[in-house]
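Single-letter residue listing:
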Amino acid sequence: MVVWCPDWPIIAAALLDGLSMSDPIAVLHANRVVVCSAAARAEGVRRGLRKRDAQARCPELVVIGHDPARDARAFEPVVMAVEQLVAGVVVLRPGVCAFAARGPARFYGHEEAAAEHIVEQIAVECGVEAQIGIADGAFAALLAARAGKVVAPSGTAAFLDGLPVSTLDRPELTDLLWRLGIRTLGAYARLPRSEVMARFGLDAALAQRLAAGEDDRPLAVRRPPPDLEVEERFDEPIERVDVAAFAARALAERLHERLTGYGLACTRLAIVAVTADGQELYRVWRHDGVLTATAIADRTRWQLEGWLTNRRLASGIIALRLAPEGLLSQVGLQPGLWGEAGAQRERAHRALHRTQGILGPEGSLTAVLGGGRAHGPRATLVPWGDERVPNLPEGPWPGRMPPPSPARILPRESVSVSVVDDRGRPVGVDARLRLSGEPARVVLNDRSTLDVEGWAGPWPVEEHWWGERAARLVRLQTLLSDGRAMILALSEGEWAIDAEFD
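An account of the accompanying structure is given in this report.

### A closer look at the pattern of salt bridges
Enumeration over the complete set of coordinates arrives at 19 salt bridges. With a closest N to O distance of 2.9 Å, Arg-170 and Asp-203 form a salt bridge. One end of the pair, Arg-170, is in the loop between helix H8 (156-161) and helix H9 (171-179); the other, Asp-203, is in helix H12 (residues 202-211), and 33 residues separate them in sequence. Among the residues examined, Arg-170 registers a relative accessible area of 19% and is labelled buried. A salt bridge links Glu-232 to Arg-254, with the nearest nitrogen and oxygen atoms 2.9 Å apart. With Glu-232 in strand S8 (residues 230-238) and Arg-254 in helix H13 (residues 241-261), this residue pair connects regions lying 22 residues apart in the sequence. A relative accessible area of 32% places Glu-232 in the partly exposed class. Assessed through its relative accessible area of 34%, Arg-254 is described here as partly exposed. Through salt bridges with shared partners, a single ionic network connects Arg-408, Asp-482, Arg-484 and Glu-500.

### Brief notes about H13
An α-helix turns once every 3.6 residues. As a result, residues three or four positions apart point the same way. Compared with the 30 Å implied by 1.5 Å per residue over 21 residues, the 30 Å span of H13 between its first and last C-alpha is a close match. Along H13, the residues classified as buried are Ala-244, Ala-247, Ala-248, Leu-251, Ala-252, Leu-255 and Leu-259. Taken end-on, H13 shows its buried residues confined to a sector of 140°, consistent with a single buried face. Residues of H13 that are exposed and point over 90 degrees away from its buried face: Phe-246, Glu-257 and Gly-261. Residue Gly-263 follows H13 closely and has a positive phi angle near 70°.

### A look at the sheet that holds strand S1 (residues 2-4)
The antiparallel open sheet is built from four strands, whose spatial order is S5-S6-S1-S7. A single partner strand is all that each edge strand has here, and the edge strands are strand S5 (90-93) and strand S7 (131-133). Strand after strand, the sheet turns through a mean of 25° between neighbouring axes, direction not considered. With three bridges connecting them, S5 and strand S6 (residues 96-98) associate as antiparallel partners. Bridge assignment links Val-90 to a residue of S6, and that residue is Ala-98. Helix-sheet contacts for helix H7 (residues 138-147) involve S1, S5, S6 and S7, and the interaxial angle to S1 is about 40°.

### Observations concerning the sheet that holds strand S4 (residues 62-65)
Strand pairing in a sheet relies on backbone hydrogen bonds, with the paired strands running either antiparallel or parallel. Spatial strand order, S3-S2-S4: three strands in an open sheet with mixed pairing. Two strands bound the open sheet, and with one partner strand each, they are strand S3 (32-36) and S4. Neighbouring strand axes in the sheet, compared pairwise and without regard to direction, differ in orientation by 40° on average. Across four bridges, the pairing between strand S2 (residues 25-29) and S4 is parallel. Bridge assignment links Ile-25 to a residue of S4, and that residue is Val-62. Packing of helix H1 (residues 8-17) onto the sheet brings it into contact with S2, S3 and S4, and relative to S2 it is tilted by some 110°.

### Some thoughts on the packing of H1 against helix H4 (residues 68-83)
As a packed pair, H1 and H4 sit with axes 9 Å apart at the nearest point and diverge in direction by 85°. With respect to each other, H1 and H4 are oriented roughly perpendicular. Across from Trp-8, Pro-9, Ala-12, Ala-13, Leu-16 and Asp-17 in H1, the residues of H4 making contact are Arg-70, Asp-71, Arg-73, Ala-74, Phe-75 and Val-78.

### Thoughts on empty space enclosed by the protein
The probe, sized like a water molecule, is rolled over the atoms to show the empty space still left. Tallied over the full model, the rule gives one cavity of 30 Å³ or more. Approximately 40 Å³ is the volume attributed to the largest cavity. Contributing to the lining of the largest cavity are Phe-234, Ile-238, Ala-244, Ala-247, Leu-304, Ile-317 and Leu-320. Elements with a minimum of two residues in the lining of the largest cavity: S8, H13 and strand S11 (317-329). Partitioning the lining of the largest cavity into residue classes produces seven nonpolar, no polar and no charged.

### A look at H12
Taken as a whole, H12 has its buried residues at Ala-204, Ala-205, Ala-207, Gln-208, Leu-210 and Ala-211. In this structure, the buried side of H12 is in contact with H7, H8, H9, helix H10 (185-189) and helix H11 (193-200). Where H12 ends, the next residue or the one after it, Gly-213, has phi of about 85°, a positive value.

Procedures and definitions
Residues numbered from 1 in each chain as written. Predicted model: local features only at pLDDT ≥ 70, side-chain atom pairs only at ≥ 80, totals over all residues. Heavy atoms only, no water. Salt bridge = Lys/Arg side-chain N within 4 Å of Asp/Glu carboxyl O. Helix = DSSP H or I, 4+ residues; strand = E, 2+ residues; numbered from the N terminus. Buried < 20%, exposed > 50% of the residue type's maximum accessible area, 1.4 Å probe, protein only. Expected span 1.5 Å × (residues − 1). Arc of directions from axis to C-beta. Pairing = 2+ DSSP bridges. Axes fitted to C-alpha atoms, helices over the stretch in contact; angles between N-to-C directions. Contact = heavy atoms within 4.5 Å. Parallel < 35°, antiparallel > 145°, perpendicular 65-115°, else oblique. 1 Å grid on protein atoms, 1.4 Å probe; cavity = no way out; pocket = protein on both sides within 12 Å on 5 of 7 lines; lining within 4 Å. Points joined across faces, edges and corners; volume = space filled by probe spheres on them. Nonpolar A, V, L, I, M, F, W, Y, C, P; charged D, E, K, R; others polar.

Next up, the structure:
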C-alpha cells in the first residue's frame, strides 16, 4: 500500500510558509516548474515550463523555490499519523510513503477498509488530502494511488502493461525506448532481460523490473524516532547565571543518559528557553564530534549566560528544553595522529563556543572557500559550528583564476596603475577581450615604474551582461622587477591591482 499526497511541495509550502492553496503556486527548480497547484494548472501552467513562460500564462503566479528539506519536515506529521494505525512505514520521498498491506488488511477486514481508515486518519490529524494505491510492488502501487485504484493480487503486470514508458521517470531511457518503437511498459518488460542489461546497463535493467511489476529493492522499514527531548520547568524564574548553570548541568546529564540508553550520540544541540513573559529563545549549537555530557552542559550554560547577561531579559527563564539533533550511533571519538581531534583542538572549540555564548552566533566567524570568478566573493564567513557552506557553489567558472590564491585582496579604487608595452603604449583589450600588446612595464600610482619580469593570462570575464550589474574585465598574473607578484585587472579602460601574493 502506498500513501500519496498530490502536489506535496505545494502543500508543504502552504503548511510551513502560510500560503493559500487556492492561489496559483508553482515550485521551480533550475528555472523550470516541477510542481504546480490546481489553480495554476487551470491557468495553463504545466511541469517543465520555464519561469518566464509560466508567468506569461499566469501573471498572478506565486513562485517558490524547490526545498526538499521543507518538504520532508512538513511530511513528518503525515508519517506519524500513518504510524498510529500501521507498522513498518517506509518514506519513499516527501509526499509518498509505503507499507505492507497484509497487516492492515487483516486488522480492518480487507484492503479497501484499511485504506479508508488511513485516509481518514491523515485528514483528521493533519488536514491533508491523501490517496492510497494497492498493488504487488511499490512502483505499481504509486501509479495505482495516482489513478485511485486497487489492483487485484497477481494483476499488477496487466495493470502496468498499457502504461507509457514515460511513467518510469527516466527521460533519457524513455527517449531511447520511444525511438526504438517501445512505447509501453508491457513491451519493455517483455524484452529479454539479459539483452536489456547488456545493451542499456544496470539502471535500465532495474527499470525493466519496475515495468514488470517487481520492486528493484525491498522496503527499508522506518523506525519511529524516540522522544529524546528533555525539559525542566522552574517554580521561580531564573535570573542569575549561577542558578542557570546548575540547572543546565542537571538537564544535560538527563539528556546524555537518555541518549546513552538508546545507544545514540548527537552532534547538534537545540537549546530552547521560555521566559516568564512568554518569550521563546532558540539556539542550535553544532560540534564536529559527538557531544558528551560535559559538552552539552557547557554549551547550555554558555547560552544561558549569554541570554541572561546580554539580552537584558524583562523577566526570568521559567522553562528550559534541550533537543538533540544530528543523531549518530554512539562511537568513541579517538584523538587523531596529527591533532585533528586532540585536546588542544577541543580547548580551541570550547573557547570559540564560549565566545558565541556571550556575543551571539556572529561572535565567532570562520572562512570557507566556494565558487566564483573573483577572489573576494569566493570567501564566505559562517558562524563557528554552522555548516560550512559557501555562498557560491564550486563548479566550472569560465574566467576563474587558477591557483595559487592570493594573500591579500585590495580595494580597487585605491590601487589604480598603468600597464604599457615595450614601446610605452597603453595595453588594452579589443572587442574579443584580447590584449593589444605584451605587458612590459607597470606604472604605479606613486609614478614609479617597474618592469614586468613575467606574466600569465589574460583571463577574460563577462558577467551579468543582461542586467544592470554587467561586468567586463580581464585579469593578468604578473611578476614585477622588485619581486612582487600581483594580479592586475582591466575594467572600463583602467588597470588596477586586484590582489597580491606573498
